[in-house]
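# Reading the structure
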Amino acid sequence: MANVFTMFEHRIKKIIEDSEIYQENGFDLSRVSIESPRDKAHGDLATNAAMVLAKPLKQNPSAIAEKLVLALDDDPDVVSADIAGPGFINLRLTEAFWTNHLDHILSQGDAYGGDATGQGAKVNVEYVSANPTGPMHVGHCRGAVVGDALANLLEFAGFDVTREYYINDAGGQIEVLARSVFLRYREALGEDIGSIPEGLYPGDYLIPLGQELAQKHGAALAEMDESAWLPLIKEASIDAMMDLIRTDLAALGVRHEVFFSERDLHHQTGDSSAISKAISTLEEKGLVYRGTLPPPKGAVPEDWEDREQLLFRSTDVGDDMDRALMKSNGDFTYFAADVAYFKDKFDRQFTEMIFVLGADHGGYVKRMEALAKAISGGSARATIRLCQLVKLFRDGEPIKMSKRSGEFVTLREVVDEVGRDAVRFMMLYRKNDAPLDFDFAKVTEQSKDNPVFYVQYAHARCHSVLRQAAADMPDLDLDAAADTGLLVDGGELDLVRKMAEFPRIVDSAARTHEPHRIAFYLYELSSQLHAHWNRGRDKPGLRFIHQENAKLTLARLALVKAVSRVIAKGLAIVGADAPVEMR
RNA sequence: GGUCCCGUAGCUCAGUAGGAUAGAGCGUCGGAUUCCUAAUCCGAAGGCCACAGGUUCGAAUCCUGUCGGGAUCACCA
């Protein structure tokens, strides 16, 4: 088993389950856990078993602990089991256990850490889903990176992941886009269009598309009725914008397997659209009615109208208020499409739908959870991860952006300036529900303030050692089996212990949908590597390479290899490169 | 007014399904380089974990309330 923590959790539970008192009564063991003590002096592992069992057994924790310790002492991997504090049992494991674990890490290769958390469960991760009305701006960045890294993480943790992008290509904003493009088209034909009218997209990025259309269609479109050119230009605009977006995403290293079009949900297939069908499904469950919504609490908007609409009784399934399915003009609402889209995912057998959204979608959480409950009857789950805003700075000064004038910092500009790896790492070097300050000056600085370089440097340093060994000891076969039992230094074994945490970190990060834990773990592991490396400065005996001692060198290189692989794997989840040299 | 998120060192933030003496980076101060890469390391100082109650063997973590900051609130997308 790859996970040291679950391994010992099973051993302890086995001891308890084998006991007479358990077999007679049985009791809940779910709270029994293994953790690494905060203070290294307490040993390698600690368990709360005795404290957890005190209540059901109606015994003193220390009395229970004594019995457990007795059994644990028989474990050949355990050097000592001590009772401490309020009833913790601290375990110290043999050096051989840890060096064996190092062998295990190496034998697992790239798969090490990928515990079977997911067990093949189908998960849908939807992220980015930016409107196809222009290039991606920096506001999309965080969600894109968090979503992509989360998908990487879940995949590694054993889930069957589908990465999905929902193209909002059906709403009024597409009409606005098409009209804006039409204007650029006329401009390309030589017409003086003056300034872009209020309400249309002013950005320069539409100019090439206008030119392209002019080249392809000549003046033909301009002579058509609007009802004729509008669909044509819509189609061309959506395609062009999605191309822009895909290029931007590629620059950030973000990919999706499925691009799902909202328009498809509106299309009539047979006698009805996917949306009508989905609404019928809700109807069958008695969750649809015609009625009016109460006005918002507090400040009521001035243009508030009381009107009867087709509504989803989402309050029956946990929402705060019912949701409109149809607008007053008879069109479906955006949410109606969401209903159909969710049903589509559910019909594709996903048991968990994850949505990575911006903080401005906070109001979405309850209605999506309600929707999941209504459509699946409780068998599928909607999980929403909200990403807080990113505030941009340059040398400590906030950067102002104005969407109205079309002046915003694009995702591409950020990637081009600071690099994909740094952008991705920084976006993950924070809990997603905490706001993030992003300073161009600091992120491009290749030093202390910049954890991505710190981690990449650790990886490069490992490879530097391997290169150096090959140069210093040309006769040494670096791939030969190493006797890792020669590793006895505390710093070396600490590195193994740290690597032993990796499967547990992957597991917990996957369960909680918190990819940032990987980034923080990488920083810690890197820190230990750097620290150990520097110990070799003062004490040459601790250096990795000893030309006069091939066996010792091989053992230490094995440790270096393992560290570099774990870092590389973590960086792969983050979505950053693991460079072998940094000059 | 409702809902959601946040409040931890001077600053920016972690805190492992409730655990032992709350951690890291930056900044400050003091050190380490004829050496496998100093983009690194070692040490010191720095805390009423916003506040008040509650739950329990045990709370930064869970519950209630208060204060402070942010997001959001019918037909848009």
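Residues numbered from 1 in each chain as written. Chains lettered and ligands numbered in written order. Predicted model: local features only at pLDDT ≥ 70, side-chain atom pairs only at ≥ 80, totals over all residues. Heavy atoms only, no water.

## Quick look at the overall build of chain A
Within chain A, the secondary structure is distributed over 22 helices and 17 strands. Entry remark: accessible area of chain A is about 27,400 Å², with carbon and sulfur atoms responsible for 48%. One finds the centroid of the 66 positive side-chain charges in chain A at a distance of 3 Å from the centroid of its 89 negative side-chain charges. (Helix = DSSP H or I, 4+ residues; strand = E, 2+ residues; numbered from the N terminus. Areas by Shrake-Rupley, 256 points an atom, 1.4 Å probe, with all protein chains shown as cover. Lys, Arg positive; Asp, Glu negative; His and termini not counted. Charge placed at Lys NZ, Arg CZ, Asp CG, Glu CD.)

## Considerations on the pattern of salt bridges
Under the defined criterion, the tally for this structure stands at 39 salt bridges. A salt bridge links D421 to R420, with the nearest nitrogen and oxygen atoms 3.6 Å apart. D421 gets classed as buried once you look at its relative accessible area, which sits at 15%. For R420, a relative accessible area of 25% translates into the label partly exposed. A salt bridge links R517 to E514; the shortest N-O distance between them is 2.8 Å. (Salt bridge = Lys/Arg side-chain N within 4 Å of Asp/Glu carboxyl O. Buried < 20%, exposed > 50% of the residue type's maximum accessible area, 1.4 Å probe, protein only.)

## What about the sheet that holds strand β11 (residues 308-312)?
In spatial order, the strands read β10-β11-β12; together these 3 strands make up an open sheet with antiparallel pairing. Two strands lie at the open edges of the sheet, namely β10 (288-292) and β12 (323-324), each paired on one side alone. With 5 bridges joining them, β10 and β11 adopt antiparallel strand pairing. Considered in β11, the bridge of R290 is made with L310. (Pairing = 2+ DSSP bridges.)

## Considering unusual backbone geometry
The phi torsion at K58 lies on the positive side, around 50 degrees, for a residue other than glycine. Looking at where K58 falls in the secondary structure, it is placed in the loop between α3 (49-57) and α4 (61-72). Judged by its relative accessible area of 77%, K58 falls in the exposed class. Even without being a glycine, Q349 presents a positive backbone phi close to 75 degrees. Within the fold, Q349 resides in the loop between α13 (334-347) and β13 (352-358).

## Concerning the sheet that holds strand β2 (residues 45-47)
Strand-to-strand pairing in sheets goes through backbone hydrogen bonds, with the strands running parallel or antiparallel. Overall, antiparallel pairing links the 4 strands, which are arranged β1-β2-β4-β3 in an open sheet. Every other strand in the sheet has two partners, leaving β1 (34-35) and β3 (78-84) as the edge strands with one partner each. Pairing geometry for β3 and strand β4 (residues 88-93), over 6 bridges, is antiparallel. Across the sheet, residue A81 finds its bridge partner in β4, namely L91.

## Quick word on the packing of helix α6 (residues 141-156) against helix α20 (residues 502-512)
In contact at an axis separation of 9 Å, α6 and α20 are set at 120 degrees when each is read in the N-to-C sense. Classified by the interaxial angle, the pair formed by α6 and α20 is oblique. The two elements α6 and α20 meet at a crossing, and its hand is left-handed. Residue-level contacts link L153, L154 and F156 of α6 to F502, V506, A509 and A510 of α20. Of the residues contributing to the contact of α6 with α20, the split by class is 7 nonpolar, no polar and no charged. (Axes fitted to C-alpha atoms, helices over the stretch in contact; angles between N-to-C directions. Parallel < 35°, antiparallel > 145°, perpendicular 65-115°, else oblique. Left-handed = near helix turned anticlockwise from the far one by under 90°. Contact = heavy atoms within 4.5 Å. Nonpolar A, V, L, I, M, F, W, Y, C, P; charged D, E, K, R; others polar.)

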